[in-house]
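Residues per chain are reported as follows:
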Amino acid sequence: MNKLKVGIIGGSGLGQSLLANSQGESYNPRTPFGRPSAPIICTQFEGVDVCIPARHGQGHRYSPSHVPYRANIFAMKMLGVTHIIASGAVGSLREDVHPGDLLIPDQAIDKTFKREGSFFGDGIVAHVEFDQPFCPQMQKLLFQAGQKLEGDVKVHEGGTYICMEGPQFSSRAESLLHRQWGGSVIGMTCMPEAKLAREAEICYGLVTLPTDYDCWKPKPANMEKRDLLKEIIGNMNTAAENAIKLIKSVVSIMPEKVDFNCACQSSLELGIWTDRTMISPATIRELEPLVGKYLGHSKRC
Ligand SMILES: [Zn+2]
């Protein structure tokens, strides 16, 4: 029987808000891919076991290109995380997605090029399905929970997240191109996080926090840079408050609603392409949390 454990990945502010009034245990496991960005806090939240890593490290030290995504996801797998709710600030590429709203994407375009994007490749090769980059069940639960939020919170269901390398923002020509591609929002962090969660057979849902209209939309001519920044921070705070409400709400319904028969939970079943007899015991040992159920001692004969 699977035991629900939810990883909640967000900016450090979001994690701190969620951790307020709760005592947690801190874990900093060594993984084959190094240590996570910061010790992971595990506690109970709404009666559910949760683990909260800080994606950018303590004090926001890792840029989106330098976040140790593999160590973060591997560590959460070691800790028994079965589901992840991730969040991140984005720019809106759609007129109807206003800064301060929330958007739960169902598709992604990965434009990153500097990040290690797989646990596999040296001694063992795996190809997992990724036609639905975010867990459809998590997407539905997030949206359902969003509908029940009090106050005037607009939650958009579905949309395409474009993940760029950064750290600079887009040029205007790029921003216009992303709109032509059908992008809804643009951010820098959900890839390869979502890909690694799929390889780790963890259901991964994402809630995005639009803070501005990226740069495709001309800014009001009389607006000072300082005022613009103030507005972005204001939108960020509104969206973050709404995201925290949404995460609390979804976590509280998960024990009743989660179905472990989700395809994400067995994504590696047909995904390992390497001849089993050629995979070294050392590789299997190293990747045991990921592949043990298929290649562990009881599975090899
Ligand atoms: Zn799933």
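Before reading further, recall that the structure is shown in the block above.
Residues numbered from 1 in each chain as written. Predicted model: local features only at pLDDT ≥ 70, side-chain atom pairs only at ≥ 80, totals over all residues. Heavy atoms only, no water.

So, about helix α8 (residues 288-295). Listed in full, the buried residues belonging to α8 are L290, V291, G292, Y294 and L295. Those residues of α8 that are buried are in contact with α2 (69-78) and α7 (281-286). (Buried < 20%, exposed > 50% of the residue type's maximum accessible area, 1.4 Å probe, protein only. Helix = DSSP H or I, 4+ residues; strand = E, 2+ residues; numbered from the N terminus. Contact = heavy atoms within 4.5 Å.)

Right, let's talk about the pattern of salt bridges for a bit. Per the counting criterion, the structure on display carries 7 salt bridges. A salt bridge links K3 to D49; the nearest nitrogen and oxygen atoms lie 2.8 Å apart. With a gap of 46 residues between them, K3 in the segment before β1 (5-9) and D49 in strand β4 (residues 48-52) connect regions that are remote in the sequence. For K3, a relative accessible area of 56% corresponds to the exposed category. Here R115 makes a salt bridge to E165, at a shortest N to O gap of 3.0 Å. Of the two residues, R115 is situated in the loop between β7 (107-110) and α3 (136-147) and E165 in the loop between β9 (160-163) and α4 (172-180); the sequence distance between them amounts to 50 residues. Here R115 matches E165 in class, with each residue buried. (Salt bridge = Lys/Arg side-chain N within 4 Å of Asp/Glu carboxyl O.)

Most of β1 sits inside the fold, with 5 of its 5 residues counted as buried. Side chains of β1 alternate between two faces, with K5, G7 and I9 and V6 and I8 buried alike. In terms of strand pairing, β1 meets β4 through 3 bridges, oriented parallel. Of the residues in β4, the one forming a bridge with G7 is C51. Where β1 and strand β5 (residues 83-92) come together, 4 bridges link them in parallel fashion. (Pairing = 2+ DSSP bridges.)

Quick look at the coordination of the zinc ion now. For the zinc ion, the protein coordination sphere consists of C135 (SG), C203 (SG), C262 (SG) and C264 (SG), at 2.2 to 2.3 Å. For the zinc ion, the 4 donor atoms are set out with angles of 105 to 114 degrees between them, so the coordination reads as tetrahedral. Ordering the donors of the zinc ion by residue number gives the pattern C-x67-C-x58-C-x1-C. Of this pair, C135 sits in the loop between β7 and α3 while C262 is found in the loop between α6 (225-257) and α7, placing the two residues 127 residues apart along the sequence. A residue is classified by how much of its surface remains accessible, and C135, at 1% relative accessible area, is buried. (Donors = N, O, S within 2.8 Å, 3.2 Å for Na, K, Ca; no water. Tetrahedral: all angles 85-135°; square planar, octahedral: opposite > 155°, others 65-115°.)

Here the focus is the layout of surface pockets. In this structure, the largest pocket encloses a volume near 970 Å³. Together, 36 residues line the largest pocket, and A89, V90, F169, T211 and M236 are the ones closest to its centre. For the lining of the largest pocket, the secondary-structure elements that each account for two or more residues are α1 (12-19), β5, β10 (185-187), β11 (203-212) and α6. Of the residues forming the lining of the largest pocket, the biggest block, 8 residues, is contributed by α6. (1 Å grid on protein atoms, 1.4 Å probe; cavity = no way out; pocket = protein on both sides within 12 Å on 5 of 7 lines; lining within 4 Å. Points joined across faces, edges and corners; volume = space filled by probe spheres on them.)

This part is about the pairing of β11. For β11, the buried fraction is high: 9 of the 10 residues fall into the buried class. Pairing between β5 and β11: 9 bridges, direction parallel. When the sheet's bridge partners are listed, A89 is paired in β11 with L209.

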